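Notes for the structure review
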Amino acid sequence: MADHRPETMQPLSLAFVGDAVYSVYVRTHLLIEKPYLKPDAIHREANRLVNAGAQAEALDHLRKNVLTEDEWDIARKARNKSSATRAKNASIKDYRNASGLEALIGHLHISGNRNRIDELMEIILETGRDNDE
């Protein structure tokens, strides 16, 4: 029987799921915060937050302020894995750090830890808002 615990899954596979979860959180947040925006404007704003550079900054902020050792270990493992691809407009370092954040979000999602995802995403979105001002 297959083992479906996130601890046994490949870090970059967790990042694949985490990327989708992260994107849904950002888009949902934007729709709630700015319901007057048209879809193309939401898309542009979402892309500002859902990109390797922004995600790398978010991971750095979380690592310094709120992540547990176990959470950082999950992100670190994915961050250190090499990938055959990288984002068009990102450094390798930013791309790997973004993958680390996505893997952590994917791990929490598969673990059913929605409350922790909510906490981390609230911090990320608040930090992103502060950077806009």
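Residues numbered from 1 in each chain as written. Predicted model: local features only at pLDDT ≥ 70, side-chain atom pairs only at ≥ 80, totals over all residues. Heavy atoms only, no water.

Quick look at helix H2 (residues 39-49) now. Every buried residue of H2 is accounted for by Ala41, Ile42, Glu45, Ala46 and Leu49. The buried residues of H2 occupy an angular sector of 135° when projected down its axis, which confines them to one face. (Buried < 20%, exposed > 50% of the residue type's maximum accessible area, 1.4 Å probe, protein only. Helix = DSSP H or I, 4+ residues; strand = E, 2+ residues; numbered from the N terminus. Arc of directions from axis to C-beta.)

Glu71, Trp72, Ile74, Ala75 and Ala78 are the residues of helix H4 (residues 69-79) that are buried. Angularly, the buried residues of H4 cover 155° about the axis, an arc narrow enough to put them on a single face. Facing away from the buried side of H4 by more than 90 degrees, the exposed set consists of Glu69 and Asp70.

Take the packing of aromatic side chains next. Summed over all chains, the structure comprises 0 aromatic pairs. Between the NZ or CZ atom of Arg63 and the centre of the ring of Trp72, over which it lies, the distance is 5.4 Å. (Phe/Tyr/Trp six-rings, centres within 6.5 Å; stacked < 30°, edge-to-face > 60°. Lys NZ or Arg CZ within 6 Å of the ring centre and 35° of its normal.)

Put simply, H4 and helix H5 (residues 92-111) touch, their axes get as near as 7 Å, and they point 130° apart. Looking at the two axes, H4 sits oblique to H5. The chirality of how H4 crosses H5 is right-handed. Together, Glu71, Ile74, Ala75, Ala78 and Arg79 of H4 and Arg96, Asn97, Ser99, Gly100, Ala103, Leu104, His107 and Leu108 of H5 make up the contact between the two elements. (Axes fitted to C-alpha atoms, helices over the stretch in contact; angles between N-to-C directions. Parallel < 35°, antiparallel > 145°, perpendicular 65-115°, else oblique. Left-handed = near helix turned anticlockwise from the far one by under 90°. Contact = heavy atoms within 4.5 Å.)

Let us look at the nonpolar core. Generally speaking, soluble globular proteins have nonpolar side chains that are buried together. In this structure, Tyr22, Val26 and Leu101 are the most contacted members of the largest nonpolar core, which totals 26 residues. When residues of this core are traced back to their parent elements, those giving at least two are helix H1 (11-33), H2, helix H3 (52-65), H4, H5 and helix H6 (114-132). Residue contributions to this core peak at 5 residues, all from H6. Residue contacts for Tyr22: discarding those within four places in its chain leaves Leu49, Val50, Gln55, Ala58, Leu101, Ile105, Met121 and Ile124. (Core = buried A, V, L, I, M, F, W, Y, C linked by side-chain atoms within 4.5 Å.)

For the rest of this paragraph, the subject is the pattern of salt bridges. One pass over the structure, following the stated rule, counts 9 salt bridges. Here Lys77 makes a salt bridge to Asp73, at a shortest N to O gap of 3.2 Å. Of the two residues, Lys77 and Asp73 are both situated in helix H4; the distance of 4 residues between them amounts to about one turn of the helix. (Salt bridge = Lys/Arg side-chain N within 4 Å of Asp/Glu carboxyl O.)

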